Amino acid sequence: MDAAGPRVRDDMTVEVALAVMASADVEYLVLCDGDDECTGSITRAELAVHRRSSTYTDRLRLRDVLDGPFTSPAPRPVAVGEHGRAPGVLALSR
């Protein structure tokens, strides 16, 4: 899978993910599992919907809100360098 954007672990909470998006000034995050394999992506708008939900808690994790392999309509292509990472993109976790 080719994906650009900040990479985060899928066990990150929605609250922290929104803070990462705001500080990185991005509209989506690429989600990775414990083996650093990309499992999907999620947008700021998608997270905002979950945050406004009556069932929302500050412990809700990104993996808990995923609908499928990619929550966004299409993966975002990019040239991926060695180790499967886009050049210049830092891997973020927790």
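Up top you'll find the structure we're talking about.
Residues numbered from 1 in each chain as written. Predicted model: local features only at pLDDT ≥ 70, side-chain atom pairs only at ≥ 80, totals over all residues. Heavy atoms only, no water.

Visitor: How should the overall build of the chain be read in this particular structure?
Guide: Each helix and strand counted, the chain has three helices and three strands in total. Beginning at the N terminus, the succession of helices and strands in the chain can be written as β-α-β-β-α-α. In the chain, buried positions account for 35% of the 94 residues. Counting only contacts in the chain whose residues sit at least 6 apart along the sequence, the fraction spanning at least 24 positions is 63%. Per element, the accessible surface of the chain, about 5600 Å² overall, is 51% carbon and sulfur. (Helix = DSSP H or I, 4+ residues; strand = E, 2+ residues; numbered from the N terminus. Buried < 20%, exposed > 50% of the residue type's maximum accessible area, 1.4 Å probe, protein only. Contact = heavy atoms within 4.5 Å. Areas by Shrake-Rupley, 256 points an atom, 1.4 Å probe, with all protein chains shown as cover.)

Visitor: Before we go on, may I ask you to explain helix α1 (residues 14–24) in this structure?
Guide: An α-helical turn contains 3.6 residues, so any two residues separated by three or four positions project in the same direction. Listing the buried residues of α1 in full gives V14, A17, L18, V20 and M21. In a view along the axis of α1, the buried residues occupy a sector of 160°, so they form one face of it. In the core, the buried residues of α1 are packed alongside β2 (28–32), β3 (38–43), α2 (44–52) and α3 (62–65). The first or second residue beyond α1 is D25, which carries a positive phi of 55°. (Arc of directions from axis to C-beta.)

Visitor: Which parts of the structure should I look at to understand the side chain of R7?
Guide: Note that R7 resides in strand β1 (residues 7–9). Classification of R7 as buried rests on a relative accessible area of 5%. Side-chain polar atoms of R7 contact the side chain of D36, separated by 3.2 Å. (Polar contact = N/O pair within 3.5 Å; in protein donor to acceptor, adjacent residues only side chain to side chain.)

Visitor: Help me understand the side chain of D10, please; the structure alone is not making it clear to me.
Guide: If you trace the backbone, D10 turns up in the loop between β1 and α1. Each residue touching D10, except ones within four places of it in the same chain, is listed here: L31, C32, D33, T39, R61, L62 and R63.

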